[in-house]
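So the chains spell out like this:
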Amino acid sequence: MARAPAFACTACGAVHAKWSGRCEACGAWNTLVEDVPMTHRAPARGSGAPRGRRTMALSDLGADEPPPPRERSGIAEFDRVLGGGLVRGSAILLGGDPGIGKSTLLLQAGAAFARAGLAALYVSGEEATAQIRLRAQRLGLTDAPLRLGAETALDTVLSTLDAERPDLAVIDSVQTMWLEGIGAAPGSVAQVRAVAQEAVAFAKRRGTAVILVGHVTKEGQIAGPMVVEHLVDCVLYFEGERGHQFRLLRAVKNRFGPTGEIGVFEMTGTGLAEVPNPSALFLSERGQPAPGAAVFAGIEGTRPMLAELQALVAPSGLSQPRRTVVGLDPGRLAMILAVLEARCGIPFAGLDVFLNVAGGLRIAEPAADLAVAAALLSAREDVALPSDMVFFGEIGLSGALRPVAQAENRLKEAAKLGFTSAVAPPRSAAAAVPGIAVRETPDLAGLVGDMFGAG
Ligand code: TYD
Ligand code: MG
């Protein structure tokens, strides 16, 4: 037997023999907690045929594998993120901050699947059935044939599922469920991992699609969904900024579909509403053209998405001027500022810089570089950019613009929303998009000269 691990990291799930203040695997601080070794229901190894006698079935690369059948909820944003619908027998983790709307989303999705003819069951370890019914009333779901249960003992949940044989079971949440025989509290690494293992094994055994809810918290006491991520087939994250009504459902892992795919929802008084045209939503609050605002033609997953970047540049009284970024990588801002200074001779020393993505969207694409630079220059020069212009392109350290993927889709989306010109890297206009004039710009100095007549 291998030595029993004694401490697990709640952030990444790595196990360590000794406690330390910092997880050596992921570098997080204060995340190691005592872990109970997995003795619970471990499969009896070597109890079958004599070792070395069993062989496995082999097949060819070219063998015909039919795609797994998909069940659709009819909530298009949800089905698309799953990769075109729910796969029977798959295990899915839905992670997200507490209060972001995970229970609401899954109650709506569960009801939609039930209406579509699937036997669906929603088990809550967090709320009483009366509470869930109240929510269902508010969401207008009371007529859906979705079965409800309130329970925290996973053994009881799984026995019930065994008897009911549903097509879909939602378990809300993995942190409230517990298994007997694990000497640890619900929400601990040991419990969360064991609960997830049992639930995933059940999904595979019975062909029931199981959706596990996992809260993401930064506190060390509660095991983050990271512990569960490698056990499941599909990991979805539900995210959004507090104070903003829109929510993004993002697939970060999917054995049955593409990752990076997103679904956009809006939290309303009557639950989550699909947002079929997110660009329009993110640009809806745009007023008169103001200095510092630039529209980025982005791509999230497979969908084009336009967003407004806003920059503010002001003289600083601080010896270390402020660099405040919301919705973008601060490292990227630092790089763009350095390139503007080194390659275009435009210094930002002595100036505070604030950068924000309107609407609370988070952008991870390097393709946003050019829009960031345009917003910064516009703010610094106090000159508004044309209101019908979009930007995209990655900036290299030399100041050169690199082409980015899906230029055509970006341009099409911009044209659809009434934009008439785009500033983009070379070779972006290979396929002309009607209604939009593309100014191909080789480098950042070109942008500066083009837009502001300086350089
Ligand atoms: P919830 O689904 O309970 O979040 P989670 O399961 O991720 O913890 O969502 C809770 C929030 O959603 C709560 O702040 C209220 C809000 N909400 C609405 O705005 N409209 C609604 O119709 C519902 C049901 C919830
Ligand atoms: Mg909840």
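The following paragraphs examine the structure supplied in this document. (Residues numbered from 1 in each chain as written. Chains lettered and ligands numbered in written order. Predicted model: local features only at pLDDT ≥ 70, side-chain atom pairs only at ≥ 80, totals over all residues. Heavy atoms only, no water.)

Bringing the pattern of salt bridges into the picture now. Summed over all chains, the structure comprises 20 salt bridges. Note that R255 is salt-bridged to D233, the shortest N-O span being 2.6 Å. Of the two residues, R255 sits in the loop between β12 (246–254) and β13 (262–268) while D233 sits in the loop between α6 (226–229) and β11 (234–239), which places them 22 residues apart along the sequence. Of the residues examined, R255 reaches a relative accessible area of 57% and is grouped as exposed. With a closest N to O distance of 3.3 Å, K416 and E413 form a salt bridge. Pair noted here: K416 and E413 are both in helix α10 (residues 407–416), with a separation of three residues, about one helical turn. For K416, a relative accessible area of 60% translates into the label exposed. A relative accessible area of 6% means that E413 is categorised as buried. A network of salt bridges, in which partner residues are shared, links E77, R80, E261 and R303. (Salt bridge = Lys/Arg side-chain N within 4 Å of Asp/Glu carboxyl O. Helix = DSSP H or I, 4+ residues; strand = E, 2+ residues; numbered from the N terminus. Buried < 20%, exposed > 50% of the residue type's maximum accessible area, 1.4 Å probe, protein only.)

On to the sheet that holds strand β22 (residues 421–424). With mixed pairing, the seven strands of this open sheet are ordered in space as β17-β18-β16-β15-β19-β22-β23. On the outer flanks of this sheet lie β17 (323–326) and β23 (437–440), each paired with one strand and no other. Each adjacent strand pair in this sheet contributes to an overall mean axis angle of 25°, direction not counted. As judged from the two bridges shared by strand β15 (residues 293–300) and strand β19 (residues 389–391), these two strands associate in the parallel manner. Across the sheet, the residue bridging to V295 is V390, located in β19. On the sheet, α10 packs against β15, β16 (303–315), β19, β22 and β23 and is oriented at approximately 125° with respect to β15. Seen against the sheet, helix α11 (residues 444–452) touches β19, β22 and β23 and runs at an angle of roughly 165° to β19. (Pairing = 2+ DSSP bridges. Axes fitted to C-alpha atoms, helices over the stretch in contact; angles between N-to-C directions. Contact = heavy atoms within 4.5 Å.)

Here strand β7 (residues 120–124) lies mainly inside the structure; five of its five residues are buried. Of the two faces of β7, the one holding A120, Y122 and S124 and the one holding L121 and V123 are both buried throughout. Bridge analysis of β7 against strand β9 (residues 168–172) gives five bridges, and the strand direction is parallel. For L121, the partnering residue across the bridge sits in β9 and is A169. Of the strand pairs in this sheet, β7 and strand β8 (residues 147–150) are connected by four bridges, and their pairing is parallel.

What follows covers the sheet that holds β7. An order of β8-β7-β9-β10-β6-β11-β12-β13-β14 is seen for the nine strands of this open sheet, with the pairing classed as mixed. In the strand order of this sheet, the two ends are held by β8 and β14 (271–274), each with one partner. Across the sheet, the mean angle separating the axes of adjacent strands is 25° when strand polarity is ignored. Sheet topology note: the β13/β14 ladder contains four bridges and is antiparallel. Bridging across to β14, E266 finds its partner in A273. Sitting on the sheet, helix α3 (residues 129–139) touches β7, β8 and β14, and the angle it makes with β8 is about 145°.

Function cannot be read off these values alone, since they describe shape.
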